[in-house]
Structure formats: C-alpha cells, structure tokens
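# Summary of the model geometry
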Amino acid sequence: MSKWLAAPVFFILFTLMGCSSNGMEGDQPPKSMIQIGKQTYAMKLGSYCWNANGQGTCVDTLGPVEQLKGKKPIEVRTGEVVTFVMNYHPKPNEFRLTQMNNNHEIDFDVEKNLFTAPVEKGIYYYSYGVWWMDEKDEHLSNGSASYAFALEVK
C-alpha cells in the first residue's frame, strides 16, 4: 500500500515544484540601489507585478515626481557615472530608464547597468524599469518593477 501512496505524493510534489520554479522569491521585487563613486543610495520601489510561489501580485503607485516629493535629490557632478546595483538572483533581463525634467521625458536603453548624469545643472527625476522575462517564452514575464530616484546635477 505504501508504494501506491508514495507515487501520487511524489507526482503532486514535482507538479507543485514545476509550477513555482520560476526562481522568483519574496512577495515583492528586490531592493535596488544606485552607486555613484563609492556611495550607494536606495531607490524607491514603485509600480510592480510579481509572480512568486504560484502567486501573482500587481501594485500601482504614483510616478517618480510624486513619489519623491519632499525628498532631497542625490547630488551629482555633471557627467558622473551612475551604476545600478541589485543583489538578487536571477537578475532582470530587460531594462529601461526614463528621465523627467521640466515636464520633458526622455527614454534610455540601459546597457552594462550604468548611465551618465546629465551635463546641464538641475533636478532630474528617474524611473528605472526592469523585467524578468521568461527564458523559454519571450512573451511571459515572471516579474516587473519600476524604481524611482532623483538627481541634482550641481
């Protein structure tokens, strides 16, 4: 009798493991930071959709300008290198950066996890969007998140 009971139990366990094997952990996307020189700064988690342990969750938040209202921007020098840091595995595999300044938006592709600060002085708001796209199905996302931060170019 135990052989007959063991087979269905193992089948159910392997099926459950297969359904949640996307590698995503936690109930929301990981913390993310930017690094400027030797200093790191936390970014604010914005809107996201997250799929972990068979549960999908989506949260919608305000945009970066509204999220960061009243917060002091990070001071940078013109043209300074800003690097994105995320201590999480698997890493996202698609990235997009949107810069907002004086009601003007510019989208950038992010390569090598970095970009350079603007050359003109002022306050710039950013939305850093990341996606964990499935490796087998290019139209399936295991998670996405946007992170907000602001820079003041001096």
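Shown above is the structure to which this text applies.
A brief structural summary. What you are looking at is a predicted structure, and each value in this text was computed from that prediction instead of being measured.

Calculation rules
- Residues numbered from 1 in each chain as written.
- Predicted model: local features only at pLDDT ≥ 70, side-chain atom pairs only at ≥ 80, totals over all residues.
- Heavy atoms only, no water.
- Helix = DSSP H or I, 4+ residues; strand = E, 2+ residues; numbered from the N terminus.
- Buried < 20%, exposed > 50% of the residue type's maximum accessible area, 1.4 Å probe, protein only.
- Contact = heavy atoms within 4.5 Å.
- Areas by Shrake-Rupley, 256 points an atom, 1.4 Å probe, with all protein chains shown as cover.
- Salt bridge = Lys/Arg side-chain N within 4 Å of Asp/Glu carboxyl O.

## Side note on the overall build of the chain
Looking only at helices and strands, the chain features two helices and 11 strands. N-terminal to C-terminal, the α/β element order of the chain is α-β-β-β-β-α-β-β-β-β-β-β-β. Buried residues in the chain amount to 34% of all 154 residues. Counting only contacts in the chain whose residues sit at least 6 apart along the sequence, the fraction spanning at least 24 positions is 68%. In the structure as shown, the chain presents an accessible area of about 10400 Å², 55% of it carried by carbon and sulfur atoms.

## What about the pattern of salt bridges?
Close approach of charged atoms allows side chains of opposite charge to pair. All told, the structure shown has five salt bridges when counted by the stated rule. Its salt-bridge partner being Lys-154, residue Glu-75 comes within 3.9 Å of it at the nearest N-O pair. Highlighted residues: Glu-75 in strand β5 (residues 74-76) and Lys-154 in the segment after β11 (141-153), separated in sequence by 79 residues. Taking the relative accessible area as the measure of exposure, Lys-154 reaches 47% and is therefore partly exposed. A salt bridge links Arg-77 to Glu-80, with the shortest nitrogen-to-oxygen separation between them at 3.6 Å. Overall, Arg-77 belongs to the exposed group, its relative accessible area being 58%. Here the residues in one salt-bridge network are Lys-72, Glu-75, Glu-152 and Lys-154, joined through shared partners.

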